[in-house]
Amino acid sequence: MRSKLIGSLMTVAMLCLAALFAPAAHADNPIVQTIYTADPAPLVYNGRVYLYTGHDEDNSTYFTMKEWRVYSSADMVNWTDHGSPLSLASFSWASANAWAGQTIYRNGKFYWYVPMTVRATGQMGIGVAVSTSPTGPFTDAIGHPLVSNGQIDPTVFVDDDGQAYLYWGNPDLWYVRLNADMTSYSGSPTKIPLTTAGFGTRTGDANRPTLFEEGPWVYKRNGLYYIVFAAKCCSEFIAYSTAPGPTGPWTYRGTIMPTQGSSFTNHPGVIDFNGGSYFFYHNGALPGGGGYTRSVAVEKFSYNSDGSIPTITMTTAGAPQNGTLDPYVRQEAETIAWSSGVETEPASEGGMNVGYIDNGDYIKVKGVAFGAGATSFSARVASAASGGKIELRLGGTSGTVAGTCTVPGTGGWQTWTTITCPVSGATGTQDLYLRFTGGSGSLFNVNWWQFSGAAGSSDAITNGNTENGTTGWRVFGSGTLSSNTSVVHGGSRSLAITGRTASWNGIAQDVTSRLTNGKTYTTNAWIRTQSGTPAARATLAVAAGGSTSYVSLTPATTVNSGGWTLLSGTAAVSWSGSLSSATLYVETDSGTDGYYLDDVSLR
């Protein structure tokens, strides 16, 4: 039998959670339930929030942490698990303690600054890993610590003039000016004076007169520099200071989040995303949780008119949803608002899958926009046992059953097949619960799912998931189009193009008969280059009334070969006269590079 810990604890504790999270259907904090996560570091990139966390091992009685994890969301409630693209094993010089870090994007790359124990000295040092994708894989950028003075908790910030700063510390607060390569620095580490005027007054500890403890988070807003930090161990609260410049002088501004949450530590992360401000932290709210088994959570907040930060209280409701989820494009099974019992693991087809599923376990996906209604549901599943069933319930685990899919045994936990079942009653925007039923022990794994039907038929793209090979697709201009099975975003196939000779050459589809004049369309397309980091976009060539116009369906977005990037945008499409042709195509500003394309929609 496949074994699991957190899933079992979640199942045992559901009645307690229901009482704490009143009502349970609205509880979305903590935002990850499949493992214990800590030390959140959010990053906004290409219309998504990428969340970098530590991983507290099950049953920990100390800060036992061996790897870092990545999650992402487009709506702040449904979070996709991207697994662990960085661990202690990534650094040959490190021996233990994969503690709190932060990732930043610059010059087409992602730099992840993380503290670990240096094997040669036994003291903490800060390393830097690099990737061309926000989800990795990341590799050690320099082969040795960037800085090492025994202190922890790096935060990184790039000022408007392009100068980057790395801050870290406990019990002190240090900084260096990073060079443009983000992997070296100029000058020597400098200690920021910890004054009571700058960081508040601590009582009862003559060796530490200020409130600053650890976990700094530095950013700039409206010309004012903020440093948010964990204050006065133990138990910690979150406080902040501000300054007119990146190195001070700092002025203490007060408490953001009081001591609370069943963990004696806390760790902040602050971002703005899609018109809102969000505060990330951790607590011990999951079953079995505590000071060494923590969980990341998030709240939405608004700055006061003078730029000050209000007091923020931990909640079980979490942040409100920012948008909706489209069920008519492929969704990873590990995209979750709330779950009970399940865990995630690497999938043989790429990415992660949901596994360790027992009878009665479930996944909640919030704010699913079914529109006029779905008529069928498909899922990619595998089972080394006898399988089971997926119940599609609306509004709750006991809600209306919109459909039930039978999952067969496939002969292996990574031996995948696609199942489909009819659906009725799934209309409007509702929370979707995938409830799993069957016999004893682990039942099956799920890699991805997708609905089709009345609303799905409005998609102007044929074979958008590319599972039918090149059917419906062609080349716009020059190049060779093929169906690819080695590099995929979802499912088992993607499209590949080689031999392009101009920037506008690309994978294309004729959508003439499926467009409506004057309609606003939303485009989504996943792209990955075969080499290079060009800017890419989806464009619509509209020939009508004797002339051709070009509509930018998505903004230009930097893409890379290290991972998949979502091209997403909304644009109005209209024409005068008789429409003779309309072609969607994906182009890059480098006209000779090849790329892969998958999971395309135009609605």
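Described in the following lines is the structure provided in the data block.

What counts, and where the lines are drawn
- Residues numbered from 1 in each chain as written.
- Predicted model: local features only at pLDDT ≥ 70, side-chain atom pairs only at ≥ 80, totals over all residues.
- Heavy atoms only, no water.
- Helix = DSSP H or I, 4+ residues; strand = E, 2+ residues; numbered from the N terminus.
- Rg over C-alpha atoms; globule rule 2.2 N^0.38 Å.
- Buried < 20%, exposed > 50% of the residue type's maximum accessible area, 1.4 Å probe, protein only.
- Areas by Shrake-Rupley, 256 points an atom, 1.4 Å probe, with all protein chains shown as cover.
- 1 Å grid on protein atoms, 1.4 Å probe; cavity = no way out; pocket = protein on both sides within 12 Å on 5 of 7 lines; lining within 4 Å.
- Points joined across faces, edges and corners; volume = space filled by probe spheres on them.
- Nonpolar A, V, L, I, M, F, W, Y, C, P; charged D, E, K, R; others polar.
- Salt bridge = Lys/Arg side-chain N within 4 Å of Asp/Glu carboxyl O.
- Pairing = 2+ DSSP bridges.
- Axes fitted to C-alpha atoms, helices over the stretch in contact; angles between N-to-C directions.

Observations regarding the overall build of the protein chain
The helix and strand tally for the protein chain stands at three helices and 44 strands. Relative to its length of 603 residues, the protein chain is compact, with a C-alpha radius of gyration of 25 Å against a globular reference of 25 Å. Over its C-alpha atoms, taken along the principal directions, the protein chain stretches across nearly 80 × 55 × 50 Å. Looking at the 603 residues of the protein chain, the share that counts as buried comes to 60%. Carbon and sulfur atoms form 49% of the exposed surface of the protein chain, whose accessible area is close to 21,100 Å².

Points about empty space enclosed by the protein
All chains considered together, the criterion is met by one cavity of 30 Å³ or more. The calculated volume of the largest cavity comes to roughly 80 Å³. In the lining of the largest cavity, the residues fall into five nonpolar, four polar and two charged.

Some remarks on the pattern of salt bridges
Following the criterion strictly, the structure yields 18 salt bridges and no others. A salt bridge links Arg330 to Glu467, with the shortest nitrogen-to-oxygen separation between them at 3.7 Å. Linking Arg330 in the loop between strand S21 (295-301) and strand S22 (331-332) with Glu467 in the loop between strand S33 (445-453) and strand S34 (474-476), this pair joins segments that are 137 residues apart in sequence. Assessed through its relative accessible area of 6%, Arg330 is described here as buried.

Section: the sheet that holds strand S11 (residues 155-158)
Read from one edge to the other, the open sheet built from four strands follows the order S11-S12-S13-S14, with strand pairing classed as antiparallel. Each edge of the open sheet is held by one strand with a lone partner, namely S11 and strand S14 (185-191). Neighbour-to-neighbour, the strand axes of this sheet turn through a mean angle of 20°, independent of strand direction. Note: strand S12 (residues 164-168) against strand S13 (residues 174-178), five bridges, orientation antiparallel. In the strand pairing of S13, Tyr165 is matched with Arg177.

Details of the layout of surface pockets
In this model, the second largest pocket occupies a volume close to 530 Å³. Phe157, Val218, Tyr219, Lys220 and Val270 are the residues nearest the centre of the second largest pocket, which is lined by 22 residues in total. Going through the elements one at a time, strand S1 (36-45), strand S7 (102-106), S11, strand S15 (212-221) and strand S19 (269-273) are the ones with two or more residues in the lining of the second largest pocket. Ranked by the residues each element gives to the lining of the second largest pocket, the list is headed by S15, at five residues. Broken down by class, the residue content of the lining of the second largest pocket amounts to 15 nonpolar, two polar and five charged.

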